[in-house]
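# Coordinate analysis (summary)
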Amino acid sequence: MSEKVDKITKLANEAKKEVERLEDKRQTNLGNSINYIENELQIQRLYAQIEAYEEVLDIVK
């Protein structure tokens, strides 16, 4: 069970790092509004993944 918890924790941490990278990307010129929207959608998708990982961890623990 601990192995599964570690894997889920790792996935959540990787998603959090990707959110940080994409949030930093907000500061750069994304070229056009489509790139900005795609970036924001990806951030929201990652937030949802992180929330799901954390809920699974709560259940498993």
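Positions within a chain are numbered from 1, following the residues in the order the chain's sequence is written. pLDDT decides what is reported in this predicted model: residues at 70 or higher carry local features, side-chain atom pairs at 80 or more are listed and counted, and totals for whole chains, interfaces and linings draw on all residues regardless. The side-chain figures draw on all heavy atoms in the structure; neither hydrogens nor water molecules are used.

### A closer look at the overall build of the protein chain
Only DSSP runs of H or I reaching four residues or more are called helices, and only runs of E reaching two or more are called strands; each is numbered from the N terminus. Per the secondary structure count, the protein chain includes two helices and zero strands. Since a compact globule built from 61 residues should have a radius of gyration of about 10 Å, the 14 Å found for the protein chain marks it as more spread out than a globular shape. Dimensions of the protein chain, computed from the C-alpha atoms along their principal axes, are close to 45 × 15 × 10 Å. Counting every position in the protein chain, which comprises 61 residues, the buried fraction comes to 21%. The contact criterion used throughout is that any non-hydrogen atoms of two residues lie within 4.5 Å. Look at the contacts in the protein chain between residues 6 or more apart in sequence, and 71% of them connect residues 24 or more apart. Computed with the Shrake-Rupley method and a 1.4 Å probe, the accessible areas treat only the protein chains shown as cover for residues. In the form shown here, the protein chain has an accessible surface area of approximately 4800 Å², with 52% of it arising from carbon and sulfur atoms. For the purpose of charge, His is not counted, nor are the chain termini; Lys and Arg are scored as positive and Asp and Glu as negative. Throughout, a charge is located at the NZ atom of Lys, the CZ atom of Arg, the CG atom of Asp or the CD atom of Glu. With 10 positive and 13 negative side-chain charges, the protein chain shows a spacing of 4 Å between the two charge centroids. Each radius of gyration is computed over the set of C-alpha atoms, and the globule rule expresses the reference value as 2.2 Å times the number of residues to the power 0.38. Burial here depends on accessible area, computed with a 1.4 Å probe over protein chains only, as a share of the maximum for the residue type. Under 20% is buried, over 50% is exposed, and the range in between is partly exposed.

### A look at helix H2 (residues 33-60)
With 28 residues, H2 should cover 40 Å at 1.5 Å per step; its first-to-last C-alpha distance of 41 Å lies within 8% of that length. By the burial criterion, the buried members of H2 are Asn39, Glu40, Ile43, Leu46, Ile50 and Leu57. Residues of H2 that are buried make contact with helix H1 (2-25). Every helix has an expected span of 1.5 Å times one less than the residues it contains.

### Structural notes on the pattern of salt bridges
Here, a salt bridge means any side-chain nitrogen of Lys or Arg that lies within 4 Å of a carboxyl oxygen of Asp or Glu. If you walk through the whole model with that rule in mind, you get four salt bridges. As a salt-bridge pair, Glu18 and Arg21 come within 2.6 Å of each other at their nearest N and O atoms. With Glu18 and Arg21 both in helix H1, this residue pair falls three residues apart, about one helical turn. For Glu18, a relative accessible area of 22% gives the class partly exposed. One salt bridge connects Arg26 with Glu40, and the closest N-O pair in it is separated by 2.8 Å.

### Section: a nonpolar patch on the surface
Put simply, a patch holds well-exposed residues, over 30% relative accessible area, that have no salt bridge, with like charges counted together within 9 Å and Val, Leu, Ile, Met, Phe, Trp or Tyr side chains within 5 Å. Taken together, the side chains of Tyr36, Ile37 and Leu41 present a nonpolar region at the surface, about 320 Å² in accessible area. Relative to the assigned elements, Ile37 resides in helix H2.

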